[in-house]
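What follows is each chain in one-letter form.
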Amino acid sequence: MIRLYVEAELADGASIQASEAQAHYLGAVMRQAIGNPIRLFNGRDGEWTGRIAELTRGKATFAVEARLRPQSADADLWLMFAILKRDTTDLLVQKATELGVASLLPVFTERTNAGRVNLDRLRAIAIEAAEQSERLTVPDLRPARQLHHSLAGWPPERTLFVALERANAQPLGPAAHPAGLLIGPEGGFGPRDHGALDRCRFVRPVSLGPRILRAETAAIVGLALLQAARGE
Ligand code: SAM
């Protein structure tokens, strides 16, 4: 059954207007019809069943019927990541969403090649991954900032595990939340990045093993290890 994220409040008997993109997806891509069942979530009210009540070109509404699942708390795990090439950043956002990350913090590092990030595009990818992976929330996507600015705003009680290759650091294992993981860019962290990280008391350098992983692989492995303790 199709599962969609909506912004509106979900309640018994509510009527919800789909976005234009959702209407197009339902009608033109998925060939849905009025009366077909649908599952809806909004990150606050749990997951609901409903039906397509109206479907014309560019317009659809949903009739909300019954709650399937109550809202539950997400893992309190954040991912700070150096912005990568476009396709790799897309992949990283998709996988981090599937792996239950609550907040995504893109950063510019000394060796980041990209000049800007398209947050609307990344948010659309996160929404699609949340719909597909049966999450009840969509991760909070923060605006891209310089690494040192993001570190300055980091809550000091939240451990930030920084993945460092060739650093003889402790292997990363399951860890208590709240926590965060930082993954560097394709070329690794530069001296100025290391200087900024060394000044933060909440930083814990960690290894992901003896092989040098691509940044996106490192993110997936690191998040899986951090989630393992919670069975998530
Ligand atoms: N260009 C760097 C080099 O050859 O030394 C490798 C950078 S790696 C492709 C990208 C990021 O993935 C690193 O900044 C780090 O955060 C993470 N990473 C990759 N392999 C790792 C490992 N074995 N342990 C910890 N972090 C790793």
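As the structure is a prediction and not an experimental result, all values here were calculated from the model. (Residues numbered from 1 in each chain as written. Predicted model: local features only at pLDDT ≥ 70, side-chain atom pairs only at ≥ 80, totals over all residues. Heavy atoms only, no water.)

A.B. asks: How should the sheet that holds strand β5 (residues 59–69) be read in this particular structure?
C.D. replies: Strand pairing in a sheet relies on backbone hydrogen bonds. The paired strands run either parallel or antiparallel. Taken together, the 5 strands give an open sheet; going across it, the order is β1-β3-β4-β5-β2, and neighbouring strands pair in mixed fashion. A single partner strand is all that each edge strand has here, and the edge strands are β1 (3–5) and β2 (15–17). Looking at each pair of strands side by side, their axes are set apart by 40° on average, direction ignored. In this sheet, strand β4 (residues 47–56) lies alongside strand β3 (residues 37–41) in antiparallel orientation, the contact comprising 5 bridges. Its bridge partner lying in β4, I38 is registered against G50. The sheet strands contacting helix α1 (residues 20–29) are β1, β3, β4 and β5, and the helix crosses β5 at an angle near 90°. Across the sheet, helix α3 (residues 119–133) touches β1 and β3, and the angle it forms with β1 is around 140°. (Pairing = 2+ DSSP bridges. Helix = DSSP H or I, 4+ residues; strand = E, 2+ residues; numbered from the N terminus. Axes fitted to C-alpha atoms, helices over the stretch in contact; angles between N-to-C directions. Contact = heavy atoms within 4.5 Å.)

A.B. asks: Please clarify how the site of the ligand should be interpreted in this entry.
C.D. replies: Inspection of the region around the ligand gives 21 residues, with A163, R166, L208, G209 and R211 positioned closest. Within the contact set of the ligand, an oxygen atom lies 2.7 Å away from a backbone nitrogen or oxygen of A163. Between the ligand and the protein, one listed contact pairs an oxygen atom with a backbone N or O atom of G184 at 3.0 Å. Protein contacts shield 86% of the accessible area of the ligand, which totals 570 Å² for the unbound molecule. Broken down by secondary-structure element, the contributors of at least two residues to the shell around the ligand are β13 (203–207) and α6 (215–228). A breakdown of the residues in the shell around the ligand according to their chemical character gives 11 nonpolar, 5 polar and 5 charged. (Near = heavy atom within 4 Å. Polar contact = N/O pair within 3.5 Å; in protein donor to acceptor, adjacent residues only side chain to side chain. Areas by Shrake-Rupley, 256 points an atom, 1.4 Å probe, with all protein chains shown as cover. Nonpolar A, V, L, I, M, F, W, Y, C, P; charged D, E, K, R; others polar.)

This is a description of form; function is not addressed.
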